[in-house]
Amino acid sequence: STGLRIDRKIVSVAQLNQEYQQVDDYRLESIKAEEIGKNLKVTVTVKHDDEIYEGSSEGPKTSLQRLRIAASAALKAVDELSSNVFSVDDVRIINLAGKDFVVCHVTKLANDKEKSIIGSAEIERDVLFAAANAALDAWKRA
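The structure reproduced in this document is the subject of the present report. (Residues numbered from 1 in each chain as written. Predicted model: local features only at pLDDT ≥ 70, side-chain atom pairs only at ≥ 80, totals over all residues. Heavy atoms only, no water.)

## Brief notes about the packing of helix H1 (residues 63–77) against helix H2 (residues 127–141)
Then comes step 1: One can describe the packing of H1 onto H2 by two numbers: an axis separation of 8 Å at closest approach and a directional angle of 45°. One element, H1, and the other, H2, form an angle in the oblique class. Crossing geometry of H1 relative to H2 is assigned as right-handed. Along its contact with H1, which presents Arg66, Leu67, Ala70, Ala71, Ala74 and Leu75, the element H2 presents Val127, Leu128, Ala131, Ala132, Ala135 and Trp139. (Axes fitted to C-alpha atoms, helices over the stretch in contact; angles between N-to-C directions. Helix = DSSP H or I, 4+ residues; strand = E, 2+ residues; numbered from the N terminus. Parallel < 35°, antiparallel > 145°, perpendicular 65-115°, else oblique. Left-handed = near helix turned anticlockwise from the far one by under 90°. Contact = heavy atoms within 4.5 Å.)

Structural data, given as structure tokens:
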């Protein structure tokens, strides 16, 4: 269209399907945790350009479940952006190179096929914030 000759042996052109979207721009904006009796409810806000997406999850406030609840809330915030199903299967805190990270295992179900995805986030501010960020990181890799 520009009149330039292209040597197809050197330059290749890829065509993306219409479902492709720039997921790097989605970032965790805020997280709110409130104790409701024996349970913990976490609400996460994800921002993309001027759009705000919110998701909540609730469950028992045990140490492992707290991380899973925060990660699930992040996936619920972006749930409407995909026709695929995402679930948080495991969340752990690990130490690498003297720093603490949250690692999140997410399963993506698409066309009756499951795919395992790992996301991670360094614990900088809050462990729940890092857990939600790790789930969002896994979602971006999907």
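After that view of the structure, there is still more to cover.
## A short note on the pattern of salt bridges
Then comes step 1: Scanning the entire structure with this criterion turns up 5 salt bridges.
Then comes step 2: Between Glu35 and Lys61 there is a salt bridge whose closest N-O contact spans 3.0 Å. Of this pair, Glu35 sits in strand E1 (residues 27–36) while Lys61 sits in the loop between strand E3 (51–60) and H1, placing them 26 residues apart in sequence.
Then comes step 3: On the basis of relative accessibility, which here comes to 31%, the residue Lys61 falls in the partly exposed class.
Then comes step 4: Between Arg68 and Asp90 there is a salt bridge, and its shortest N-O distance comes to 3.9 Å. Residue Arg68 is located in helix H1, and its partner Asp90 is located in strand E4 (residues 85–96); the two are separated by 22 residues in the primary sequence.
Then comes step 5: Judged by relative accessible area, Asp90 falls into the partly exposed class, the value being 24%. (Salt bridge = Lys/Arg side-chain N within 4 Å of Asp/Glu carboxyl O. Buried < 20%, exposed > 50% of the residue type's maximum accessible area, 1.4 Å probe, protein only.)

## What to know about the pairing of E3
Then comes step 1: Note: strand E2 (residues 39–48) against E3, 10 bridges, orientation antiparallel. Its bridge partner being in E3, Val44 is matched across the sheet by Gly55.
Then comes step 2: Once E2 ends, the chain turns through 2 residues before running back antiparallel as E3, passing Asp49 with a positive phi of about 55°. (Pairing = 2+ DSSP bridges.)

## Here's the deal with the sheet that holds E2
Then comes step 1: Read from one edge of the open sheet, 3 strands run E1-E2-E3, paired in antiparallel fashion. This sheet does not close on itself; its edge strands, each paired only once, are E1 and E3. The sheet shows a mean angle of 15° between the axes of neighbouring strands, taken without regard to direction.
Then comes step 2: With respect to the sheet, H1 is in contact with E1, E2 and E3, its orientation differing from that of E3 by roughly 150°.
Then comes step 3: Against the sheet, H2 makes contact with E1 and E2, and its axis sits at roughly 130° relative to E1, the strand it touches most.

## Looking at unusual backbone geometry
Then comes step 1: One non-glycine residue, Asp49, lies in the positive phi region at around 55°.
Then comes step 2: Counting through the fold element by element, Asp49 comes out in the loop between E2 and E3.
Then comes step 3: Classification of Asp49 by relative accessible area gives exposed; the value is 54%.
Then comes step 4: We note that Ala97 has phi near 50°; this positive angle belongs to a residue other than glycine.
Then comes step 5: Within the element layout of this structure, Ala97 appears in the loop between E4 and strand E5 (99–110).

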